[in-house]
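Here is what each chain is made of, one letter per residue.
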Amino acid sequence: MASAMILAAGLGTRLRPLTDELPKPLLWLGDRPLIAHIADQLAAGGVRRAALNKSHLAERFSRDLIAAFPVPVDVLHEPEPFGTAGGLANAAGALGGGDVVLWNGDILIDLDVRALCAAHAERGAAATLAVAPRPAGEGTVGVGARGEVVRLRGERFGEEVAGGDFVGVHVVGEALRRRLPPRGCMVGDVYLPWLRDGGALATFAAPAVWHDIGTLAAYLAASARWLAQRGLQRYVGPGASVAEGVDVTGSVVGAGARVEGAGALRGCVVWPGARVRLGADVEAPVERAVVTTQGRVARAAG
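The structure displayed is predicted, hence computed values, not measured ones. (Residues numbered from 1 in each chain as written. Predicted model: local features only at pLDDT ≥ 70, side-chain atom pairs only at ≥ 80, totals over all residues. Heavy atoms only, no water.)

**Q** Give me the pairing of strand β10 (residues 149–152): which residues, what numbers.
**A** As paired strands, strand β9 (residues 141–143) and β10 are joined by 3 bridges and run antiparallel to one another. From the neighbouring strand, V143 faces β10, where its bridge partner is V149. If you look at the hairpin formed by β9 and β10, you'll find 5 residues sitting between the two strands, and G147 has a positive phi there, around 80°. Across 2 bridges, β10 lies against strand β11 (residues 155–156) in antiparallel orientation. Considered in β11, the bridge of L152 is made with E155. (Pairing = 2+ DSSP bridges. Helix = DSSP H or I, 4+ residues; strand = E, 2+ residues; numbered from the N terminus.)

**Q** Tell me what's going on with the sheet that holds strand β20 (residues 263–266), and back it up with residues and numbers.
**A** Here we have 3 strands laid out as an open sheet, ordered β17-β20-β23, and parallel in their pairing. The open sheet is flanked by β17 (246–249) and β23 (286–287), the only strands paired with a single partner. Examined bridge by bridge, β17 and β20 share 4 bridges and lie parallel to one another. Directly across from T249, in β20, lies its bridge partner R266.

**Q** So what's going on with unusual backbone geometry? Which residues, and what values?
**A** In terms of backbone geometry, most residues other than glycine have negative phi values and most peptide bonds are trans. The peptide bond linking R16 to P17 adopts the cis configuration, its omega dihedral lying at 10°. Inspection of the secondary structure assignment puts P17 in the loop between β1 (3–7) and β2 (28–29). With a phi angle near 50°, L57 is a residue other than glycine that sits in the positive phi range. Structurally, L57 is set in the loop between β4 (50–54) and α2 (63–67). With a phi close to 50°, R153 is a non-glycine residue in the positive phi region. Inspection of the secondary structure puts R153 in the loop between β10 and β11. Classification of R153 by relative accessible area gives exposed; the value is 53%. (Buried < 20%, exposed > 50% of the residue type's maximum accessible area, 1.4 Å probe, protein only.)

**Q** Summarise the side chain of T128; cite the residues concerned and give the values.
**A** By the element assignment, T128 lies in strand β8 (residues 127–134). One polar contact links T128 to H120, side chain to side chain, over a distance of 2.8 Å. In this structure, T128 is in contact with L116, H120, H170, V171, A202, T203 and F204, ignoring residues within four places of it in sequence. (Polar contact = N/O pair within 3.5 Å; in protein donor to acceptor, adjacent residues only side chain to side chain. Contact = heavy atoms within 4.5 Å.)

**Q** Outline the environment of R16, listing residues and values.
**A** Among the structural elements, R16 can be located in the loop between β1 and β2. Given a relative accessible area of 48%, R16 falls into the partly exposed group. It is 8.7 Å that separates the C-alpha atoms of R16 and L216, two residues lying 200 residues apart in sequence.

**Q** Explain the pattern of salt bridges residue by residue, including any values.
**A** Applying the stated criterion across every chain, the model contains 16 salt bridges. With a shortest N-O distance of 2.8 Å, E160 and R151 are connected by a salt bridge. Of the two residues, E160 and R151, both sit in the buried class. Among the ionic contacts, a cluster of salt bridges with common partners joins D31, R32 and D40. (Salt bridge = Lys/Arg side-chain N within 4 Å of Asp/Glu carboxyl O.)

**Q** So what's going on with the packing of aromatic side chains? Which residues, and what values?
**A** Per the counting criterion, the structure on display carries 1 aromatic pair. Taking the centre distance of 5.3 Å and the plane angle of 80° together, the rings of W226 and Y235 count as edge-to-face. Here the two residues W226 and Y235 agree in accessibility, since each one is buried. (Phe/Tyr/Trp six-rings, centres within 6.5 Å; stacked < 30°, edge-to-face > 60°.)

**Q** Describe the sheet that holds strand β19 (residues 258–261), with residues and values.
**A** Spatially, the 3 strands line up as an open sheet ordered β16-β19-β22, and their pairing is parallel. Because the sheet does not close on itself, it has two edges, and the strands there are β16 (241–242) and β22 (275–278). Note: β19 against β22, 4 bridges, orientation parallel. The residue bridging G261 from the neighbouring strand is L278, located in β22.

Written out as structure tokens, the structure reads:
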């Protein structure tokens with residue numbers, strides 16, 4: 001089974017002020033940080049060796065957090081983000097040779113990692129991109145009759161029979177790993193030059209429902225899906241308390257948090273350890289909002 005790398009060094013600027021407090025991959029999703037859900041997916045897919053890069057708020061990737069993952073993870077610090085390609089290049093010593101599953105640390109998707117790796121091996125591809133299917137001409141990727149990439153970032157390399165969205169999970173083979181720059185982007189600096197030189201990239205059909213947690217609205221949608229998958233109307237973590245006068249619907253209240261006062265939380269996320277008093281700290285009801293551990297309140301538009 002391939003080794004894996006979780007890309008977690010990004011700045012997450014579109015999610016400020018949340019990412020002033022936590023790196024994007026550590027945003028709380030249900031009962032755990034997002035990155036813990038990714039680690040579970042990798043372990044379930046047979047991955048036994050992984051690496052993780054960190055840069056922004058690097059100290060928040062604690063030893064206890066990493067030790068709780070179901071797969072051993074080497075953590076690599078980048079003084080400034082090296083980019084998706086540079087991060088993988090920098091992890092060569094930790095990962096060894098062969099294929100690597102590369103997973104963006106802000107992506108939540110129920111993906112069969114074992115099937116992705118098997119499809120990559122069967123095709124003998126330089127890389128295999130997980131792509132959520134869409135009609136021809138739509139999405140970020142165009143797919144040819146043999147499942148190959150024929151459109152990427154607006155450039156065309158063959159006849160397109162289907163479209164799709166690249167979901168930020170892929171398998172990178174040894175040949176392309178040898179071409180990685182010390183800094184740069186996998187798509188712009190590796191995949192596009194490879195395709196321009198006549199190389200081929202394969203695709204793998206990913207689930208149509210997935211979350212790129214790059215905005216507050218996307219984060220709240222992912223939280224809502226986490227609840228729905230478990231048949232829950234709300235989740236209140238261990239040690240958390242919610243006052244009798246507070247109606248919690250479609251919301252997550254993290255471990256040790258305190259929600260006081262009177263009013264409603266609808267479609268919200270309250271981070272672990274946060275304290276919020278409805279009607280005093282914030283207006284009630286609170287809808288489509290995130291309350292951070294340090295008391296920041298971020299509201300989604302609409």
